[in-house]
Amino acid sequence: MYSILIIDDEPIVKIALRSILPWEEHGFSICGTASNGLEAMSLIEKHQPDVIITDLKMPVMDGMELIKEVSSRYPSLKTVLISAYSEFSYAKTAIPCGVSEYLLKPFRPEEIRKLLEKLDAEISAAQAQSLWDRLQKKAATNQQLMALSASLYGLPLPAGKETDLSTLVPPR
């Protein structure tokens, strides 16, 4: 189950988002809500959500400031920007900051459901890639250790397991 933090200064929007659909049936849970970007930063640190859904215009720290901050601190965090402003310039500004989606208020349950499907696929793919990368790194390390051990004990390596030992031993 993936977790979502909702950030909006309007209580009615937070209530609407919480109740627009059964989040758990779509593999998501709401870990909290915040009224501005500054409040959200402490909740992000505390809960480490997979997704934030944030309003654009808020007091103290607006959505764009928040997105810029979290994109540098938490690069794997998915961000969704919501706004009542339909001008493309807002969305255009958000794209380089790594915003996954830009939704216009008011939103319908079908829009949110499609968004969750997209986020689920993106997060799952990123996690699978991360796991694959870690396994590849472990496999390379294990192959290097096997080669080093074989060299130290004068054992032959299985066919196809040759490796350049100079990459394992620091220069003198």
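The structure contained in this document is the topic of the report that follows. (Residues numbered from 1 in each chain as written. Predicted model: local features only at pLDDT ≥ 70, side-chain atom pairs only at ≥ 80, totals over all residues. Heavy atoms only, no water.)

Concerning the pattern of salt bridges
Thought 1: Taken as a whole and judged by the stated rule, the model has 10 salt bridges.
Thought 2: Measuring nitrogen to oxygen at the nearest pair gives 3.3 Å for the salt bridge that ties K105 to D55. Separated by 50 residues along the polypeptide, K105 in the loop between β5 (99-104) and α5 (109-153) and D55 in strand β3 (residues 51-55) bring together distant segments of the chain. Note on accessibility: K105 and D55 belong to one class, buried.
Thought 3: The salt bridge partner of E101 is K118, with a shortest N-O separation of 2.8 Å. In this pair, E101 is assigned in strand β5 and K118 in helix α5, connecting sequence segments 17 residues apart.
Thought 4: Owing to a relative accessible area of 26%, E101 belongs among the partly exposed residues under this scheme.
Thought 5: Each of the salt bridges in this network shares a partner with another, and the network as a whole consists of D8, E10, D55 and K105. (Salt bridge = Lys/Arg side-chain N within 4 Å of Asp/Glu carboxyl O. Helix = DSSP H or I, 4+ residues; strand = E, 2+ residues; numbered from the N terminus. Buried < 20%, exposed > 50% of the residue type's maximum accessible area, 1.4 Å probe, protein only.)

Points about the environment of K78
Thought 1: Following the sequence through the fold, K78 ends up in strand β4 (residues 78-83).
Thought 2: Classification of K78 by relative accessible area gives buried; the value is 19%.
Thought 3: When the C-alpha positions of K78 and S100 are compared, they lie 6.2 Å apart, and in sequence the two are 22 residues distant.
Thought 4: Once residues lying within four places of it in the same chain are set aside, the contact partners of K78 are D50, V51, I52, S100, L119, E122 and I123. (Contact = heavy atoms within 4.5 Å.)

Focus: helix α2 (residues 37-47)
Thought 1: Those residues of α2 that sit buried are G37, A40, M41, L43 and I44.
Thought 2: With a side-chain oxygen lying 3.0 Å from the backbone nitrogen of L38, the N-terminal cap of α2 falls on N36.
Thought 3: With its phi angle positive at about 50°, Q48 sits one or two positions after the end of α2. (Polar contact = N/O pair within 3.5 Å; in protein donor to acceptor, adjacent residues only side chain to side chain.)

Concerning the sheet that holds β5
Thought 1: The strand order across the open sheet built from five strands is β2-β1-β3-β4-β5, with neighbouring strands paired in parallel fashion. Strands with a single pairing partner mark the edges of an open sheet, and in this sheet they are β2 (28-34) and β5. Within the sheet, the average angular offset between the axes of one strand and its neighbour, ignoring direction, is 20°.
Thought 2: In terms of strand pairing, β3 meets β4 through five bridges, oriented parallel. Opposite T54, over in β4, you have L81 as the bridge partner.
Thought 3: With respect to the sheet, α2 is in contact with β1 (2-7), β2 and β3, its orientation differing from that of β2 by roughly 140°.
Thought 4: Packed onto the sheet, helix α3 (residues 63-73) meets β1, β3, β4 and β5 and runs at close to 155° relative to β3. (Pairing = 2+ DSSP bridges. Axes fitted to C-alpha atoms, helices over the stretch in contact; angles between N-to-C directions.)

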